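# Remarks on the overall topology
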Amino acid sequence: MTRVVFMGTPEFAVPSLRALLEAGYDLVAVYTREDQPAGRGQRLEASPVKRYALAQGLPLWQPKSLRTPDEQVALVDLAPDLIVVAAYGLILPKTVLGIPSKGCINVHGSLLPRHRGAAPIAAAILAGDQEAGVSIMLMDAGVDTGPILSRNGLRIAPEDTTGSLTIKLAGLGADLLVDTLPAWLRGDLVPRAQPEEGATLSPRITKEDGRIDWSEPAELIARKVRAYQPWPSAFTTWRGQTLKILKARPDGGTAGTPGVVVAGGRGAAGVATGDGLLWLEEVQLAGRKTIPIGAFLAGAQDFVGSTLG
């Protein structure tokens, strides 16, 4: 039986771990990031992979780094035939990449070489791509530059957010992983080198990335609203308070001064941008619940005519 070490952290990784377990692989260890502070109280919170691994009784490791000799010796002692990585969040040094006889396999949330890096799903929405996907790749020392074993794609729906698209791609990646591994382990699959043509990078998202620049086109801002949902959310300021824009649609019509809120009929409001209007559909004022724009306007009658940001 193939001895597998799995490395992953967020919800995206859980379906791949579940698929390996259900397919009968010998999961000798699950690696995930250290518990992270979350919420207003900043209490330590276990990752989705940790919660799933503990529920299944799987051996769990949470090293701070894989660069130390002690951690590398511990990994050697596990004698893995294969390491499977899905959004782990820690760099695998070259020494670690050479430990398993069948290599280190990564489940990456894009159609490589497009959107290499930490945030490929958000990057696909931001870029206005019509298609997203997953790639099963053999890891090397670069950032998602290793040869491809298999790929599969799906259409990005107009309403998809990073949250909804992540769920779709997580399932697609898990299925592709267990479909690909048997041929790889038998030696029947030849990795295909990635072309550099068409390669793009998707850097890690920061909270500040969500701040809306109203001088940008409405179409781009609308994509940011979807790409930064659920985190960090696209946001602006109104009356000195943070106002999150959680759902919106662009309109190429006449705009005006960027950031100025305009009325759009009963219970509707839009914001002028550098090119077109952005019609607001769901918003959230700091400390409040998410509500439709009509309900927000009913309690904020001076919103129309104000300038955001």
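Owing to the predicted nature of the structure, the values given are computational and were not obtained by experimental measurement.

### So, the pairing of strand S15 (residues 269-272)
- Residues of S15 alternate between two faces, with Ala269 and Val271 on one and Gly270 and Ala272 on the opposite face, all of them buried.
- Sheet analysis places strand S14 (residues 261-263) next to S15, joined by 3 bridges and oriented antiparallel. Its bridge partner being in S15, Val261 is matched across the sheet by Val271.
- Between S14 and S15, which pair antiparallel one after the other, the connecting turn spans 5 residues, and Gly265 there sits at a positive phi close to 100°.
- In this antiparallel pair of consecutive strands, S15 and strand S16 (residues 277-285), the connection spans 4 residues, and Gly276 shows a positive phi of 95°.

### Quick look at the sheet that holds strand S7 (residues 104-108)
- Taken in spatial order, the 7 strands of this open sheet run S5-S2-S1-S6-S7-S9-S10, and their pairing is mixed. Bordering the open sheet on either side are strand S5 (60-61) and strand S10 (148-155), each of which pairs with just one other strand.
- Here 4 bridges tie S7 to strand S9 (residues 131-138), and the two strands are oriented antiparallel to one another. In the strand pairing of S9, Val107 is matched with Ile136.

### Thoughts on the pattern of salt bridges
- By the definition in use, this model includes 11 salt bridges.
- Put simply, Asp26 and Arg3 hold a salt bridge, and the shortest N to O gap is 3.8 Å. Taken together, the positions of Asp26 in strand S2 (residues 26-31) and Arg3 in strand S1 (residues 3-8) put the pair 23 residues apart, joining distant regions of the chain.

### Some thoughts on the packing of aromatic side chains
- This model, assessed by the stated rule, comprises 4 aromatic pairs.
- Aromatic pair Tyr31 and Trp61: ring centres 5.6 Å apart, planes at 0°, arrangement stacked. Separated by 30 residues along the polypeptide, Tyr31 in strand S2 and Trp61 in strand S5 bring together distant segments of the chain.
- The buried category is assigned to Tyr31, whose relative accessible area is 0%.
- Put simply, the rings of Trp238, Phe296 and Phe303 touch in pairs and so form one group of aromatic residues.

### Overview of the side chain of Ser150
- Mapped onto the elements of the fold, Ser150 is located in strand S10.
- Judged by its relative accessible area of 11%, Ser150 falls in the buried class.
- At 2.7 Å, the side chain of Ser150 forms a polar contact with the side chain of Thr180.
- Each residue touching Ser150, except ones within four places of it in the same chain, is listed here: Val134, Ser135, Ile136, Leu176, Thr180 and Arg192.

### Structural notes on the pairing of S1
- Burial analysis of S1 places 5 of its 6 residues in the buried class, which makes it a mostly covered element.
- Sheet analysis places S1 next to S2, joined by 5 bridges and oriented parallel. In the sheet register, Phe6 faces S2, and the bridge partner there is Val30.
- Handedness of the S1-helix H1 (residues 14-22)-S2 crossover: right-handed.
- Relative to strand S6 (residues 82-86), S1 runs parallel, the two being bridged by 5 bridges. Within S6, the residue paired with Phe6 across the bridge is Val84.

### Structural notes on the environment of Gly57
- On the secondary structure map, Gly57 appears in the loop between helix H2 (48-55) and S5.
- Sequence separation between Gly57 and Pro113 is 56 residues, and the spatial gap between their C-alpha atoms is 36 Å.

Rules used in this analysis
Each residue is numbered by its place in its chain's sequence as written, counting from 1. pLDDT decides what is reported in this predicted model: residues at 70 or higher carry local features, side-chain atom pairs at 80 or more are listed and counted, and totals for whole chains, interfaces and linings draw on all residues regardless. Side-chain metrics in this entry use all non-hydrogen atoms of the structure; hydrogen atoms and water are not considered. Burial classification: accessible surface area is computed with a 1.4 Å probe over protein chains only, and a residue below 20% of its type maximum counts as buried, one above 50% as exposed, and the rest as partly exposed. In DSSP terms, a helix is any run of H or I states spanning at least four residues, a strand is any run of E spanning at least two, and both are numbered starting from the N terminus. Think of it this way: DSSP has to see at least two bridges between two strands before they count as a pair. When a carboxyl oxygen of Asp or Glu lies within 4 Å of a side-chain nitrogen of Lys or Arg, that pair is called a salt bridge. Working definition: rings of Phe, Tyr and Trp (its six-membered ring) pair if their centres are within 6.5 Å, and the pair is stacked with planes under 30 degrees apart, edge-to-face with planes over 60 apart, and tilted otherwise. Nitrogen and oxygen atoms within 3.5 Å of one another constitute a polar contact, given that in protein one can donate a hydrogen and the other can accept it, and given that sequence-neighbouring residues count only through two side-chain atoms. Note on contacts: a residue pair qualifies if any of its non-hydrogen atoms lie within 4.5 Å across the two residues. When the strands point away from the viewer and the connection leading from the first strand across the helix to the second strand turns clockwise, the crossover is called right-handed.

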